[in-house]
Structure formats: C-alpha cells, structure tokens
Amino acid sequence: MVTANLRAGDLSRITDMAEVKGRSLWADARKRFMLNKAAVASLFVLIFITLFSFAGESIAPWTNEEIDFNVIGSADTKGMPSIASGHYFGTDDLGRDLFARSAQGTRISLMVGFVGTFIAVLVGTVYGAVSGYVGGRTDAIMMRIVDILSAIPYMFVLILLLVMFGRSMFMIFVGIGLLSWLGMARIVRGQTLSLKHKEYIEAARASGVSSWKIILRHILPNLLGVVAVYTTLLIPDMIMAESFISFLGLGVQEPLTSLGALISEGSKSIVQGSLWQLYFPLAFFTVTLYAFYFVGDGLRDALDPKDR
Amino acid sequence: MTAPLLDVRDLRVSFHIRRDGDMPWTKPRELKALNGVNFTLNAGETLGIVGESGCGKSTLARALIQMVPATGKVIWQGQTDLLTLSPHQMLAYRSQVQMVFQDPLASLNPRMSVGSIIAEPLRTHHPELSQAQVKQRVQEMMERVGLLPNQINRYPHEFSGGQCQRIGIARALIVGPKLLICDEPVSALDVSIQAQVINLLAELQRDLGLAMIFIAHDLSVVKHISDRVMVLYLGRTMELAESQALFAHAAHPYTKALLSAVPIPDPVKERAKTMIPLEGDLPSPMAPPSGCVFRTRCPISQDRCAREVPALLGIGHEVACHRVNAATLETV
Ligand SMILES: Nc1ncnc2c1ncn2[C@@H]1O[C@H](COP(=O)(O)OP(=O)(O)OP(=O)(O)O)[C@@H](O)[C@H]1O
Ligand code: SF4
Ligand SMILES: [Mg+2]
C-alpha cells in the first residue's frame with residue numbers, strides 16, 4: 001500500500017490532486033448491459049413497438065373503428081395487406097384496418113403489462129420489505145398469508161371475478177395486479193432479510209442512523225436491482241395472462257382490443273385463409289415478449305454482482 | 001481515583017432460538033451467549049478479548065451499545081448506565097462509542113461512495129455542518145487513516161480489503177469517539193496487511209487518546225495492542241489479566257492451551273514448548289456443561305468442576321478455576 005508510507009511533504013500535493021471519479025455499481029451495470037447486444041437490440045425493439053402502439057393509429061389512413069365497406073363480407077379475398085388500399089396489414093372480417101387495430105391492441109396489452117406490474121411491484125415490494133425488515137412473528141404471519149394466497153389457482157379466480165363483476169379494463173388491471181404480487185413479495189422479503197444482517201446495516205444502526213433512513217439509504221438502493229430484474233420479467237407474464245383471458249373471450253371488450261383478443265379473432269380466420277389476421281398480431285405478441293425476456297436477462301446479468 | 005470510562009457488571013445476553021418447523025406454541029430454547037461478564041476499561045486503555053468462534057465476543061460488543069437486549073450494568077464514565085437508556089437517549093452516546101467490523105467490504109454499503117460512507121455518522125450526529133465542512137472533515141480523516149483524499153468519490157468495490165478496513169476506521173473515528181470497539185478487525189485480511197492495520201489502530205489510539213476494545217480469536221493478534229486481555233469461553237470469563245502477565249504466566253488451563261497453539265518465532269523455543277492440545281469440540285452453547293463450562297475439554301478437571309461454577313478470583317490477575325490458587329496463580 002503506497003499510501004501508508006506518505007511523507008509529510010507529499011500530503012499537500014495529495015490534497016491538490018484532482019478527485020478521482022468513482023465507478024458506481026450502477027455505472028458498472030449500465031456498461032455491462034450495453035455490452036449485451038441481444039438486450040440492447042431488444043430494448044430498441046421495445047421502444048419501437050411502444051412508439052408504434054401510440055403513433056401507429058395516427059399514421060394509418062384508416063382508424064381502428066372505421067369499416068371499409070368495399071371489404072366487408074369478403075375479407076379473405078379483398079382485405080389482404082396492400083399499400084394501395086391503405087390497409088398495410090390487411091383488414092379483419094368486419095373490414096376494420098388491422099394496422100390500426102394492431103397498434104391499439106399492442107397499446108392495450110402493454111398498458112395491462114405495465115399497470116398490472118406496477119401494482120404488483122408496489123404491493124409486493126412494500127409487503128416484502130416490511131415483512132423482512134420487521135421479522136419475527138409478523139414476518140411468519142405475513143408469509144403464511146402469501147403461501148395461502150399462492151395456493152389458490154389465480155387464473156381461475158380471475159376468470160370468476162370477470163364473470164361475476166363483468167368484463168372491464170379496471171377489473172383486469174386490479175385482478176392481475178393484485179394476484180401477482182405474491183412472487184414479488186417473496187423475493188423482496190428474502191432479499192431484505194439477507195440485507196438486514198449485512199454489516200453495513202449494523203454499522204449504520206450502531207452509529208444511530210434512524211430506521212427509515214436505513215431503509216431509504218441502505219436497503220432500498222440495494223433492493224432496486226432485484227426489483228428491476230423481476231419487474232421486466234413480470235411485464236411479459238402480465239401480457240401473457242391478459243392475452244390468455246382475452247383468448248378465452250373474457251378480456252377487454254369491443255371496441256377496445258388487445259393482442260390476445262386479436263390473436264383469438266385471427267385464429268378463427270385460419271379456415272378462411274386470411275392468415276394475415278393471425279400473423280400480424282401474433283408477430284407483435286411474440287416479438288414483444290421475447291424482447292422483454294431478453295432485456296430482463298440482460299438486466300439480471302448486468303446487475304447480479306455474483307458474476308464478478 | 002476517577003471512575004473508569006466503562007464499568008461492565010454482570011452482563012448477560014440470552015437468545016431465544018426457535019428451530020425451523022417448530023410449532024408456534026413450543027417454547028423457544030434459551031441460548032446464553034453471555035453469562036455474567038465483568039470488566040472495567042479506563043480512558044485510553046485497550047482491552048483485548050479473545051476466545052474461540054461462538055464464545056460470545058461479538059455479542060459482548062453488541063450488548064454494550066444496545067444492539068442486542070442485555071441485562072446487567074454498563075456504566076459510562078461512572079454516571080450513566082447505557083443499558084437503561086431509551087433509544088433516543090442512547091443516540092448521544094452512539095457518537096462516543098464506535099465500531100469497526102470484521103468483514104471490511106461487507107461493512108460498507110456497495111451503492112454508496114466512500115465519501116458518503118465516511119460522512120454518514122457525521123451527518124447523523126452533526127446535521128448542522130455544511131456540505132463543504134463535511135467534505136473537508138471526511139478528506140482530513142481519509143488522510144489520517146492513510147487513504148488518498150482524492151479517492152472520495154470512489155466506491156468500496158474499487159478498494160482492497162486493507163483499504164476498505166481503513167475506510168471503516170475512518171467512518172468510526174470521524175465523530176470523535178472515546179471508545180472504539182474493533183470486532184476482529186483484521187481476521188478477514190491478508191497476514192501482510194494485518195500488521196499495517198493493527199499499527200494504524202495503535203497509532204490512532206495513541207494520538208487520539210482512544211479507549212479500545214479489541215476482539216480477536218487468536219492471542220497473537222491481541223498481544224501487541226492490548227494493555228489487558230480477557231479470555232472468554234462459552235459466554236464466561238476464564239481469565240483477565242495485564243497483557244504482559246497473561247502471556248508470561250497464564251494460569252487458566254484454557255488460556256494455556258490457547259497460548260500453546262500460538263507459534264513462537266524462535267525455532268528452538270518453538271520445538272521446546274509443550275503443546276496442550278484442545279481436545280474435543282466446543283460444547284453447544286444451548287446446553288453448556290454444568291459447573292465449569294470448560295470441564296469437557298480440561299486436561300486437569302476434577303469431580304468438583306462438574307458441581308460448582310468456579311468464581312473469577314484474584315486481584316489484577318483474575319482466574320476462574322478451582323485448581324488455580326487465586327493468590328499465587330499456581331495450579332494446585
Ligand atoms: N442474533 C442471534 N440470534 C441467536 N443466536 C445468536 C445471535 N447472535 C449470536 N448468537 C449465538 O450466540 C453465540 C455467540 O455468538 P457471537 O457472534 O457473539 O460469537 P463470536 O465469539 O463473536 O464468534 P465469531 O468468532 O465466530 O465471531 C453463538 O452461539 C451464536 O450462535
Ligand atoms: S475449574 Fe476444573 S474444569 Fe474448569 S478449568 Fe479449572 S480445573 Fe479445568
Ligand atoms: Mg464475532
């Protein structure tokens with residue numbers, strides 16, 4: 001160690017030396033993420049898909065509700081994708097423009113994914129952090145509740161809820177979000193538990209830092225990585241769940257649509273041969289899910305300190 | 001005579017252990033991690049605490065500053081019993097007693113820069129200081145412990161173990177404590193670095209007039225830095241004496257066994273010394289032996305040792321053993 005053998009004369013020089021910039025774990029992680037080509041490409045794909053879902057309807061010559069009367073009734077022969085007719089992705093059986101419908105469906109699917117995940121992350125993180133930090137009997141009781149809840153087949157419950165209270169966007173958000181925070185709560189609780197016994201938390205407690213400052217300064221920043229990774233992996237799960245429900249015909253209602261609903265409709269058109277009705281929504285669905293998984297994977301590799 | 005800085009009397013800590021899978025109504029088992037420990041510590045003095053892993057050294061350190069619930073008395077400067085203070089009242093004393101931890105990297109938050117790590121106690125206890133004042137104090141302290149002050153914005157993972165421990169020491173000293181508790185500060189470091197850190201601690205202690213509790217599991221580390229040494233075994237004091245006296249003529253069979261395991265640099269003496277091997281394993285602290293807790297591994301135990309707990313006797317050089325005469329320190 002050089003610094004141990006300093007002479008007094010050196011000290012004044014040292015204080016004048018320019019401050020060295022640190023390399024925070026976040027900066028490290030960002031660098032590692034940027035090196036992961038699949039993850040970065042997926043991130044761009046996601047950005048592109050999001051832009052499409054919001055702007056797609058305004059660049060399309062047809063809105064999602066307009067019916068092209070030239071096509072109605074004979075979609076399989078006249079509604080195919082074509083630049084000339086302005087139906088870039090073709091039309092559905094009712095003569096509605098699939099380009100605009102795909103944009104709308106993607107937007108709604110993404111929204112369900114984000115809002116559902118947001119609820120799950122919020123509830124799960126708070127629940128898990130409290131359970132882990134308080135510990136003891138409170139923790140035991142809170143975790144048994146999670147165990148009991150996760151023993152319930154949630155898709156079944158969600159379907160029941162939708163049947164009982166009617167189909168609405170709100171119900172889907174709440175249903176999916178509130179039923180899927182369990183995994184998040186478990187992960188955050190486990191992480192908090194292990195963080196709580198870290199020596200730096202003990203050091204902070206020993207020198208009198210208050211509990212909420214410990215949670216804010218020491219626990220949350222160290223939880224953030226895990227939460228971020230789990231969140232990016234939760235979004236596609238939500239999209240999948242919503243699509244499944246929509247595929248069963250219990251999801252969003254017309255005139256709204258989602259990727260799942262579009263795929264469901266498209267699959268019925270296979271017999272007529274208008275395959276574009278299936279391919280375009282399916283392509284968006286698959287690409288979106290893969291992109292989320294790649295980004296999540298990239299984040300995990302970038303944030304997981306064990307790799308080093 | 002002025003009161004000692006710290007007067008610890010009959011300090012006890014019990015943990016209540018429930019095993020996984022226990023029913024909620026089964027009574028937790030009691031683990032007596034600390035079973036009536038007494039000592040005093042004067043200002044500027046260093047007390048070394050040694051003992052095997054699990055004998056309660058860290059628990060002792062934690063109990064002094066209310067990090068684990070404890071009973072007994074911890075009297076600060078002859079006036080305040082720290083154990084009776086509310087968390088709010090305790091706050092004022094937390095800047096007086098600071099700790100240095102065993103694992104240098106784990107004791108630093110990986111997401112915080114070195115500057116903010118060292119500044120944290122200062123910000124907590126002196127919120128009135130300005131940003132610039134804090135920074136200046138931090139840089140002075142970094143220089144003091146042998147770190148380059150221009151590294152203030154770096155992160156813990158960019159430093160070596162020895163440097164991380166220096167950061168830990170800087171964090172502990174920045175609020176000007178009177179007592180520094182070092183819980184195995186060098187156990188996790190390379191042997192070559194250990195000496196540097198110990199020398200730094202000794203130097204800082206001398207310059208700042210610090211009292212120090214220096215915990216280690218091996219006597220050779222404690223030898224040079226301690227004025228007095230306390231030997232712990234299963235939560236009880238076995239021997240407590242001036243460092244010189246303890247190393248020159250240890251009286252307790254456990255201390256003798258520990259000493260015989262310390263290598264002597266002189267090869268002639270090393271070969272000549274008698275090894276007293278410690279037989280068997282450390283008994284479970286949940287079910288300590290009756291009478292003298294050391295009796296299951298003691299080479300000279302008698303019937304009496306199983307029946308009666310030996311008291312810690314002697315003046316200046318205290319020993320807890322039925323077979324040691326407290327006055328002459330001879331084994332009888
Ligand atoms: N929070 C706790 N809950 C339950 N038991 C504990 C707790 N902390 C310590 N113990 C137990 O108390 C005993 C003493 O532990 P302590 O950490 O004080 O030992 P130590 O002497 O510091 O050992 P080491 O050299 O390994 O650090 C051990 O048997 C340990 O298992
Ligand atoms: S009291 Fe007995 S068992 Fe304990 S150390 Fe002395 S001789 Fe050994
Ligand atoms: Mg310990």
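Residues numbered from 1 in each chain as written. Chains lettered and ligands numbered in written order. Predicted model: local features only at pLDDT ≥ 70, side-chain atom pairs only at ≥ 80, totals over all residues. Heavy atoms only, no water.

### Remarks on the site of ligand 2
Point 1. Around ligand 2, the surrounding shell holds 13 residues, and the nearest of these are Cys292(B), Cys298(B), Cys305(B), Cys321(B) and His322(B).
Point 2. Split by residue class, the shell around ligand 2 holds eight nonpolar, three polar and two charged. (Near = heavy atom within 4 Å. Nonpolar A, V, L, I, M, F, W, Y, C, P; charged D, E, K, R; others polar.)

### Comments concerning the layout of surface pockets
Point 1. A volume near 1300 Å³ is recorded for the largest pocket.
Point 2. In terms of lining residues, the largest pocket is bounded by 33 residues, among which Gly135(A), Gly136(A), Arg137(A), Asp139(A) and Lys196(A) are the most central.
Point 3. Of all elements in the fold, only α5 (98-134), α6 (136-150), α9 (181-196) and α10 (199-206) of chain A together with β1 (6-17) of chain B reach the threshold of two or more residues within the lining of the largest pocket.
Point 4. Ranked by the residues each element gives to the lining of the largest pocket, the list is headed by α6(A), at eight residues.
Point 5. Residues belonging to the lining of the largest pocket are distributed by class as follows: 12 nonpolar, six polar and 15 charged. (1 Å grid on protein atoms, 1.4 Å probe; cavity = no way out; pocket = protein on both sides within 12 Å on 5 of 7 lines; lining within 4 Å. Points joined across faces, edges and corners; volume = space filled by probe spheres on them. Helix = DSSP H or I, 4+ residues; strand = E, 2+ residues; numbered from the N terminus.)

### Let's talk about the sheet that holds strand β6 (residues 97-100) of chain B
All names here are of chain B.
Point 1. Spatially, β6-β7-β8-β3-β9-β10-β11 is the arrangement adopted by the seven strands of the open sheet, whose pairing is mixed. This sheet does not close on itself; its edge strands, each paired only once, are β6 and β11 (318-319).
Point 2. Against the sheet, helix α6 (residues 191-208) touches β3 (46-50), β7 (179-183) and β8 (211-216), its axis set at about 160° to β8. (Pairing = 2+ DSSP bridges. Contact = heavy atoms within 4.5 Å. Axes fitted to C-alpha atoms, helices over the stretch in contact; angles between N-to-C directions.)

### Observations concerning the packing of aromatic side chains
Point 1. Evaluation of the coordinates by the stated rule reveals eight aromatic pairs over all chains.
Point 2. With a centroid separation of 4.7 Å and an interplanar angle of 10°, the aromatic rings of Phe52(A) and Phe284(A) are classed as stacked. Here the residue Phe52(A) occupies a position in helix α3 (residues 37-59), and Phe284(A) occupies one in helix α13 (residues 276-303), the gap between them amounting to 232 residues. Residue Phe52(A) shares its accessibility class with Phe284(A), and that shared class is buried.
Point 3. Here Tyr233(B) and Phe294(B) contribute two aromatic rings whose centre-to-centre distance is 5.1 Å and whose plane-to-plane angle is 85°, an arrangement assigned as edge-to-face. With Tyr233(B) in strand β9 (residues 228-233) and Phe294(B) in the loop between α10 (267-272) and α11 (303-307), this pair connects stretches of sequence that are 61 residues apart.
Point 4. Pairwise contacts between aromatic rings join Phe52(A), Phe99(A) and Phe284(A) into one cluster.
Point 5. Here Arg111(B) stacks its cationic end above the ring of Trp26(A), 4.1 Å away from the centre of that ring. (Phe/Tyr/Trp six-rings, centres within 6.5 Å; stacked < 30°, edge-to-face > 60°. Buried < 20%, exposed > 50% of the residue type's maximum accessible area, 1.4 Å probe, protein only. Lys NZ or Arg CZ within 6 Å of the ring centre and 35° of its normal.)

### Observations concerning the pairing of β6(B)
Residue and element names in this part refer to chain B.
Point 1. Because side chains alternate across β6, one face comprises the buried residues Val97 and Met99, and the other comprises Gln98 and Val100, equally buried.
Point 2. Direction of pairing for β6 relative to β7: parallel, over a ladder of four bridges. By the bridge assignment for β7, Met99 is matched with Ile181.

### Quick notes on the site of ligand 1
All names here are of chain B.
Point 1. Every one of the 14 residues lining ligand 1 counts as a neighbour, but Ser53, Gly54, Lys57, Ser58 and Thr59 are closest to it.
Point 2. Within the contact set of ligand 1, an oxygen atom lies 2.5 Å away from a side-chain nitrogen or oxygen of Thr59.
Point 3. Expressed as a share of its isolated accessible area of 630 Å², the protein-covered part of ligand 1 is 67%.
Point 4. Listed by contribution, the elements that provide at least two residues to the shell around ligand 1 are β1, β2 (29-41) and α1 (57-64).
Point 5. The element best represented in the shell around ligand 1 is α1, accounting for three residues.
Point 6. For the shell around ligand 1, a count of residues per class yields six nonpolar, five polar and three charged. (Polar contact = N/O pair within 3.5 Å; in protein donor to acceptor, adjacent residues only side chain to side chain. Areas by Shrake-Rupley, 256 points an atom, 1.4 Å probe, with all protein chains shown as cover.)

### Some thoughts on the interface of chain B and chain A
When the parts of a complex come together, some accessible area is lost, and that lost area is often taken as the interface size.
Point 1. In this assembly, 42 residues from chain B lie in contact with 33 residues from chain A.
Point 2. Across the chain B/chain A interface, buried area totals approximately 3400 Å², and carbon plus sulfur atoms make up 55% of it.
Point 3. The largest contributions to the chain B side of the interface with chain A come from Met67(B), Arg111(B) and Asn150(B), which together make up 22% of the buried area.
Point 4. Across the contact surface, chain B and chain A share three salt bridges.
Point 5. Our enumeration of links across chain B and chain A arrives at 13 residue pairs in polar contact (both at pLDDT 80 or more).
Point 6. Looking at the side of chain B that touches chain A, the elements that each hand over two or more residues are α2 (87-94), α3 (114-125), α4 (131-144) and α5 (161-173) of chain B.
Point 7. Class assignment for the residues of the side of chain B that touches chain A results in 14 nonpolar, 16 polar and 12 charged. (Buried area = accessible area lost by both parts, 1.4 Å probe. Salt bridge = Lys/Arg side-chain N within 4 Å of Asp/Glu carboxyl O.)

### What to know about the sheet that holds β1(B)
Residue and element names in this part refer to chain B.
Point 1. Spatially, β2-β1-β4-β5 is the arrangement adopted by the four strands of the open sheet, whose pairing is antiparallel. Each having just a single partner strand, β2 and β5 (80-81) make up the two edges of the open sheet.
Point 2. In this sheet, strand β4 (residues 71-76) lies alongside β1 in antiparallel orientation, the contact comprising five bridges. In the strand pairing of β4, Leu6 is matched with Trp76.

### Focus: the packing of helix α11 (residues 211-247) of chain A against α13(A)
Geometry of a packed helix pair, given as the angle between the helix axes and the separation of the axes.
Residue and element names in this part refer to chain A.
Point 1. At a minimum axis separation of 8 Å, α11 and α13 run at an interaxial angle of 165°. Put simply, α11 runs roughly antiparallel to α13. Our pair here, α11 against α13, has a crossing hand that is left-handed. Contacts between α11 and α13 involve Gly225, Ala228, Val229, Thr232, Leu233, Ile235, Pro236, Asp237, Ile239, Met240 and Ser243 on the former and, on the latter, Phe285, Thr288, Leu289, Phe292, Tyr293, Val295, Gly296, Asp297, Leu299, Arg300 and Leu303.
Point 2. Each residue belonging to the contact of α11 with α13 can be placed in one class, and the counts come to 14 nonpolar, five polar and three charged. (Parallel < 35°, antiparallel > 145°, perpendicular 65-115°, else oblique. Left-handed = near helix turned anticlockwise from the far one by under 90°.)

### Things to note about the nonpolar core
Residues and elements named next belong to chain B.
Point 1. Counting residues in hydrophobic clusters, the biggest one holds 60 residues, and the most contacted among them are Ile169, Leu180, Leu201 and Phe214.
Point 2. The contact partners of Ile169, leaving out residues within four places of it in the chain, are Val100, Val145, Val197, Leu200, Leu201 and Leu204.
Point 3. Membership of the second largest hydrophobic core comes to 39 residues, among which are Leu34, Val37, Val74 and Leu179. (Core = buried A, V, L, I, M, F, W, Y, C linked by side-chain atoms within 4.5 Å.)

### A closer look at the packing of helix α7 (residues 154-165) of chain A against α11(A)
All names here are of chain A.
Point 1. Where α7 meets α11, the axes come as close as 12 Å, and the angle between the chain directions of the two elements is 50°. Relative to α11, α7 is oriented oblique. When you trace α7 past α11, the crossing you get is right-handed. Along its contact with α7, which presents Tyr154, Met155, Leu158 and Leu162, the element α11 presents Ala241, Phe244 and Ile245.

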